[in-house]
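Observations on the model geometry
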Amino acid sequence: MYWNREIETLTTNNLKGLQLERLRRTVARAGQSQFYGQRLQQAGIVPDDLGSLEDIRKLPFTTKDDLRTSSLQMLTTPLKEIIRLHASSGTTGQATVIYYTRTDIELWADLVARSLYMTGMRQEDVFQNMMGYGLFTGGLGFHYGAERLGALTIPAGAGNSKRQVQLMRQFNVTAIHIIPSYALFLLQTFEELGVDPRDLPLRLAYIGAEPYSDATRRRIEAAYGVKAYNCYGLSELNGPGVAFECPEQNGSHVWEDSYLIEVLDPSTLDPVPPGTVGELVFTNLTRQGMPLLRYRSRDLASYDDRPCPCGRSSRRISRIQGRTDDMIILKGVNIFPIQIDRVLMRLPEVASNYLIEMQQIKGNDQMVIKVEVKQEYFSEDLAYLKGLQKRITEALKSELLVTPRVDLVEHNSLPRTEGKAVRVVDSRPKA
Ligand code: COA
Ligand code: ZN
């Protein structure tokens, strides 16, 4: 039942002891990097100042902007010790890059294996991973974890819906990793192919990478005939496998031996009590190449420290309730409106106003961007406008890694708002 009984069932006191020891080691290690060396010196902190876990509040925070500007400076090892990187979308010099040593990859894979084992995955299972491979962590992160566990792992990747169904049938797939909106969308493909997913030997689904409700989970469970587990992770801290649901499905256990979690009021930055929503702030406890201290995830959730019937001592977090920033998630891809702004404003034909609409079209989540075109370019020549539309779409796709639908509109035709120029309208049905 446990992948690592000793660690998973530590008493709360022993867990705290382990965390403190690892926190001190991590702070010492982080201090070897240029970035944290300076930060810790400015704050006047040495590892011995940490007498208890509460002393973590003496440490400075790390933000997404720090990562954007300084990830190389956060390395604690020479680059030759680094064997992989993952990155967020963004080609305009704003992508966040995370570097992993061989040990980091192994520890991460072990946490994912632990998570999958907890839900009942075993060596006999056949696992199809429909997350994006490449720079996303959802693909390779789960892949290495499932292989570590010993399941037969199919690196299907994202997209190509018919092929997904064919693979599931051909190889008697029992477990899938899938973005929840895509799981619902894929049901149409099943229908077109005359296949009922409930007739397949599927029994486990892992869903995450975007917010969704418990109702959506139950729909996926019913339609696929599976038990669907919530997984939470963020590439800044490795990737998936930061927190994961156990068979009780009552919140996601944070792997606290590896990630120290704080839940803070985003305005005062003081800890909130259990059950109150706050910002999740994480500190790596075992990462070697690029340990992050007090990383502000911007994700909002609450935590529960009551004992779980599964016997694991780690605290559980609720599903993510929202974000403190304006990040949009589309098809499992994180998008900041500023990325869209930058691409559009570089194009001479584009006037200064545009509108971002999140829609659901034929069951598929889509981003529709209405773009005002300057008067002198808005000609009657349809071929010209089509060409322009294509160029804008391609520029956006290469920046965002998903394809938006671009609608060109006349100058001054979109409603104006005071102050905030970037506007996002989300008209997707709430599940
Ligand atoms: N996951 C997987 N495939 C998806 C998807 C999703 N969330 N949403 C749509 N798709 C499918 C589409 O149905 C389509 O399938 P088809 O080949 O049968 O037509 C195919 O992907 C391409 O969709 P389209 O909308 O034309 O392309 P896009 O350029 O907008 O998006 C994706 C491309 C879906 C491949 C890209 O968004 C992606 O890689 N998403 C996954 C990201 C991920 O894994 N995140 C996890 C991070 S930990
Ligand atoms: Zn549990």
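Up top is the structure these notes are about.
The residue count restarts for each chain, going from 1 along the sequence in the order it is written. Throughout, the order in which chains and ligands are written sets their labels, letters from A for the former and numbers from 1 for the latter. Owing to the predicted nature of the model, reporting of local features is limited to residues with pLDDT of at least 70; listing and counting of side-chain atom pairs is limited to 80 or more, with chain, interface and lining totals taken over all residues. The basis for every side-chain value is the complete set of heavy atoms in the structure, and neither hydrogens nor water enter the calculation.

**Some thoughts on the overall build of the protein chain**
Secondary structure assignment for the protein chain yields eleven helices and 21 strands. For the protein chain, the C-alpha radius of gyration of 23 Å lies close to 22 Å, the compact-globule estimate for 431 residues. Taken along its principal axes, the extent of the C-alpha atoms in the protein chain is 70 × 60 × 45 Å. Any two residues having at least one pair of non-hydrogen atoms within 4.5 Å are treated as being in contact. The contacts in the protein chain between residues at least 6 apart in sequence include a share of 66% that link residues at least 24 apart. Split by element, the accessible area of the protein chain, about 19000 Å² in all, is 50% carbon and sulfur. Charged residues are defined here as Lys and Arg on the positive side and Asp and Glu on the negative side; His and the ends of the chain fall outside this count. In this description, the location of a charge corresponds to atom NZ of lysine, CZ of arginine, CG of aspartate or CD of glutamate. Within the protein chain, the 51 negative side-chain charges are centred at a point lying 2 Å from the centre of the 52 positive side-chain charges. For helices the rule is a DSSP run of H or I covering at least 4 residues; for strands it is a run of E covering at least 2, with both sets numbered from the N terminus onward. Radius of gyration means the value over C-alpha atoms here, while the globule rule gives 2.2 Å times the residue count to the 0.38 power. Surface accessibility in these figures is a Shrake-Rupley result with a 1.4 Å probe; residues are shielded only by whichever protein chains are displayed.

**Some details on helix 2 (residues 12-30)**
The length a helix should cover is 1.5 Å for every residue beyond the first. If you check helix 2, its first and last C-alpha atoms are 26 Å apart, about what 19 residues at 1.5 Å a residue would give, namely 27 Å. Categorising residues by exposure relies on relative accessible area from a 1.4 Å probe, with only protein chains included: less than 20% of the type maximum marks a residue as buried, more than 50% marks it as exposed, and the intermediate range marks it as partly exposed. All of the buried residues in helix 2 are Leu15, Leu18, Gln19, Leu20, Arg22, Leu23, Thr26, Val27 and Ala30. Along its buried surface, helix 2 packs onto helix 1 (5-8), helix 3 (34-43), strand 10 (259-264) and strand 11 (278-284).

**Section: the state of the cysteines**
The disulfide criterion used throughout: a pair of cysteine sulfur atoms within 2.5 Å. Tallied over the full model, the rule gives zero disulfides. We note that cysteine 231 lacks a disulfide partner, and the nearest cysteine sulfur, in cysteine 246, lies 14 Å from it. Taking the relative accessible area as the measure of exposure, cysteine 231 reaches 11% and is therefore buried.

**Regarding the packing of helix 10 (residues 337-345) against helix 11 (residues 382-400)**
At a minimum axis separation of 10 Å, helix 10 and helix 11 run at an interaxial angle of 140°. As the angle between them shows, helix 10 and helix 11 are arranged oblique. Considering the relative orientation of helix 10 and helix 11, their crossing is right-handed. Where helix 10 abuts helix 11, its residues Gln339, Ile340, Val343 and Leu344 lie against Ile392, Ala395, Leu396, Glu399 and Leu400. Residue polarity is assigned by list, with Asp, Glu, Lys and Arg as charged and Ala, Val, Leu, Ile, Met, Phe, Trp, Tyr, Cys and Pro as nonpolar; anything else, Gly included, falls into the polar class. Its residues assigned to classes, the contact of helix 10 with helix 11 comprises seven nonpolar, one polar and one charged. Axis geometry follows a simple rule: fit a line to the C-alpha atoms, using only the stretch in contact for helices, then measure angles between N-to-C directions, giving values from 0 to 180 degrees. Angle categories: roughly parallel below 35 degrees, roughly antiparallel above 145, roughly perpendicular from 65 to 115, and oblique for all the rest. Handedness of a crossing follows from how the near helix is turned relative to the far one, being left-handed for an anticlockwise turn of less than a right angle and right-handed for a clockwise one.

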